[in-house]
Amino acid sequence: VNNGLSAYNITNVIQDREGYMWIASINGLQRFDGFRFLTFKHNPNDPQSIPDNFIAQLLLDREQHLWMYFANGDVGIFDTRKMTFKKAKLKLKNEGSLKRSRHLMADAEGNIIFVYSNAEVVTYNKTNNEFGSVYNTFNAPENWLVTNIIDDAAGKKYWLCCDSGIVAYNKQTRNLSYRNHNVEHESVIDALGHVKST
């Protein structure tokens, strides 16, 4: 902090294509250009400022949008040109999901997915500026709760880590393969499909 960091507790660091380092902390967002810091904090008098100073995660998508989600549950895009924040709406099935651990991910097709561990998964819709399960391209097996998603760009699949085991979702055929339902004969499911709480 003596050199300009806004906090000792840093939650995320990411570098954009222009070389700027974006630093998320429990005390705001900072941009470092190699020489100096620019600091952005919540301003109750400015609706375009970040909504909370405790930033949990940063994510750059393939269009170089800087996504952020906050400890208070808000999520949205920080415009790195205008230095303004635009909040996205969240349509969750259960408000209790906000108490779960969560993370943002971007897949090879450019989809932004918000995973609420052991609760629900919601995908971003740009037209409506909102996250919702209705925009998901897949659903986990009934009563299986997703803890994490891995995008297999080369294999054109999602690997879903669930409380009840591993699931493979083929983006092209839209088939799900999992324990006792390995329709695409996935060797990983054969070998590890019985393992729960992945």
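Rules used in this analysis
Residues numbered from 1 in each chain as written. Predicted model: local features only at pLDDT ≥ 70, side-chain atom pairs only at ≥ 80, totals over all residues. Heavy atoms only, no water. Pairing = 2+ DSSP bridges. Helix = DSSP H or I, 4+ residues; strand = E, 2+ residues; numbered from the N terminus. Axes fitted to C-alpha atoms, helices over the stretch in contact; angles between N-to-C directions. Core = buried A, V, L, I, M, F, W, Y, C linked by side-chain atoms within 4.5 Å. Buried < 20%, exposed > 50% of the residue type's maximum accessible area, 1.4 Å probe, protein only.

*Asks:* What exactly am I supposed to notice about the sheet that holds strand E1 (residues 10–15) here?
*Replies:* Two pairing modes exist for strands in a sheet, parallel and antiparallel, and in both the strands are linked by backbone hydrogen bonds. Spatially, E1-E2-E3-E4 is the arrangement adopted by the four strands of the open sheet, whose pairing is antiparallel. Each end of this open sheet is capped by a strand with a single partner; those strands are E1 and strand E4 (37–40). Here the average twist between neighbouring strands, direction ignored, is 20°.

*Asks:* Please clarify how the nonpolar core should be interpreted in this entry.
*Replies:* Nonpolar side chains in soluble globular proteins generally cluster together in the buried interior. Ranked by size, the top nonpolar core spans 15 residues in total, and within it Ile113, Val121, Phe138, Ile149, Tyr158, Leu160 and Val167 carry the most contacts. Of all the secondary structure elements, the ones that give two or more residues to this core are strand E11 (112–116), strand E14 (146–152), strand E15 (157–162), strand E16 (165–170) and strand E17 (176–178). For this core, the element with the most residues is E15, which contributes three residues.

*Asks:* Hey, could you run me through the sheet that holds strand E12 (residues 120–125) in this one?
*Replies:* The sheet built from five strands is open, its strands ordered E9-E13-E12-E11-E10 with mixed pairing. Of all the strands in the sheet, just strand E9 (89–91) and strand E10 (102–106) have a single pairing partner and so form its edges. For this sheet the average axis-to-axis angle between neighbouring strands, irrespective of direction, equals 25°. Where E10 lies against E11, five bridges are found, and the strand directions are antiparallel.

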